[in-house]
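Summary of structural features
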Amino acid sequence: MWTALIVFFVFGLTSGIVSASEPKNLPSYLTTCKKDAPDFDACCLSSARAGLPNLVNGDKKYNIPNFKPLKVDKVEVNSGTLKLLIEDMDLWGLDQADIKHLKIDLKNNKVKIDFHCPQIKILGKYQMDGKINLLALKGSGDVNITLEQPDISFSINFKVVKRGDYDYMQVQDDNEVNFSMQKLHIHFDNLFNGNEQLAKTTNEFLNKEWKSVVEDLSPTVKTTINTITVSIINGFATKIPYQFLFP
Ligand SMILES: *[C@@H]1O[C@H](CO)[C@@H](O)[C@H](O)[C@H]1NC(C)=O
Ligand SMILES: *[C@@H]1O[C@H](CO)[C@@H](O)[C@H](O)[C@H]1NC(C)=O
């Protein structure tokens, strides 16, 4: 069994998710889409696409973190065979996301979204001990994980919960995440506490066998992507009543 712990602080979230705040309308850079409009799906997609360049700059009032880069304090993974901790993680490239498909299904409380990025670069400080693909790994230092041409798909389930006079959207944990990429570059600095020859061969092996590395780490990566996404959407959704999101 593997477990994952992700500590993620949305910048400006200190006011607290459950604390009552003035209900807000959508920020001006997002177009409101009427739920009964015949072009609802197209409206949502074009609103998200047009609003993205603003969204990625972050917006404290709406609990939206800055995506240049997106900062994650800590990701801790324990798969039984591998213990991996990444701290001070910077995710670069999400601001370049191209939303390929967006379907907000208000009848079944589901959101389906597919997007593509030219590149996602993950930089941070790692501590690792265990095995990936039967390969023993141990060390601590800088890590650089770069995904070329990643595609990410989500199927997100939400509930509508009442708080005060309004309803709010609340994303659940049981979402489906798929991802794929054209190539993965991995570099763990200071593997085996400075045994350079072994570190070099190991990094080379991880890069050569990147497809099976991805397969091995897939459940963990999915959980990580899901946790971060749920946290961001819920941070945002706590600020805007459902009635204002989809009038
Ligand atoms: C991270 O790895 C990518 C791909 O190998 C490389 O282009 C980039 O320069 C590296 N960045 C850092 C900060 O090491
Ligand atoms: C994920 O992939 C599976 C298998 O290909 C597919 O059935 C499912 O619809 C996909 N889910 C999403 C959210 O793309």
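The shown structure was predicted, so the numbers you read here are calculated from the model rather than taken from an experiment.

Across its full length, the protein carries 4 helices and 11 strands. In terms of overall size, the protein behaves like a compact globule, its C-alpha atoms giving a radius of gyration of 20 Å where 247 residues would be expected to give roughly 18 Å. Each of the three principal axes of the protein carries a C-alpha extent, and together these read 60 × 35 × 30 Å. Counting every position in the protein, which comprises 247 residues, the buried fraction comes to 44%. Sequence-distant contacts in the protein: of pairs separated by 6 or more residues, those separated by 24 or more amount to 70%. When the accessible area of the protein is evaluated, it comes to approximately 13,200 Å², of which 54% is carbon and sulfur surface. Positive and negative side-chain charges of the protein, numbering 28 and 29 respectively, have mean locations separated by a distance of 3 Å.

Another aspect to go through is the environment of V56. Turning to its location among the elements, V56 is positioned in the loop between α1 (40-55) and β2 (70-78). Note on V56: relative accessible area 4%, which makes it buried. C-alpha of V56 to C-alpha of M89: the two residues are 33 residues apart in sequence and 17 Å apart in space.

Lining the immediate environment of ligand 2, one finds K112, S153, F154, S155, E176 and N178. Separating a nitrogen atom of ligand 2 from a side-chain N or O atom of E176 is a distance of 2.6 Å. Within the side chain of N178, one N or O atom sits 2.3 Å away from an oxygen atom of ligand 2. Protein burial of ligand 2: of its 360 Å² of free accessible surface, 45% is covered by the chains. Elements with a minimum of two residues in the shell around ligand 2: β8 (151-163) and β10 (176-180). The biggest single contributor to the shell around ligand 2 is β8, with 3 residues. In the shell around ligand 2, the residues fall into 1 nonpolar, 3 polar and 2 charged.

As a matter of local geometry, ligand 1 sits amid L123, N144, T146 and H185. The separation between an oxygen atom of ligand 1 and a polar side-chain atom of T146 is 3.4 Å. Protein coverage of the free-state accessible area of ligand 1, which is 360 Å², stands at 42%.

So, about the environment of N175. Mapping N175 onto the fold places it in the loop between β9 (166-171) and β10. Discounting residues that sit within four places of it in the chain, N175 has contacts with S155, I156, N157, N226 and V230. Within the local environment of N175, its side chain forms a polar contact with the backbone nitrogen of N157, the two atoms lying 2.8 Å apart.

Bringing the confidence of the model for the protein into the picture now. Looking at the protein, pLDDT values average 89 and 91% of them are 70 or higher. Between the elements of the protein, mean pLDDT differs from a low of 60, seen in strand β1 (residues 3-7), to a high of 97, seen in strand β5 (residues 110-116). The low-confidence segment residues 10-18, where pLDDT is below 50, has 13 contacts with residues more than four positions distant or belonging to other chains.

Conventions used here
Residues numbered from 1 in each chain as written. Chains lettered and ligands numbered in written order. Predicted model: local features only at pLDDT ≥ 70, side-chain atom pairs only at ≥ 80, totals over all residues. Heavy atoms only, no water. Helix = DSSP H or I, 4+ residues; strand = E, 2+ residues; numbered from the N terminus. Rg over C-alpha atoms; globule rule 2.2 N^0.38 Å. Buried < 20%, exposed > 50% of the residue type's maximum accessible area, 1.4 Å probe, protein only. Contact = heavy atoms within 4.5 Å. Areas by Shrake-Rupley, 256 points an atom, 1.4 Å probe, with all protein chains shown as cover. Lys, Arg positive; Asp, Glu negative; His and termini not counted. Charge placed at Lys NZ, Arg CZ, Asp CG, Glu CD. Near = heavy atom within 4 Å. Polar contact = N/O pair within 3.5 Å; in protein donor to acceptor, adjacent residues only side chain to side chain. Nonpolar A, V, L, I, M, F, W, Y, C, P; charged D, E, K, R; others polar. pLDDT = per-residue confidence, 0-100.

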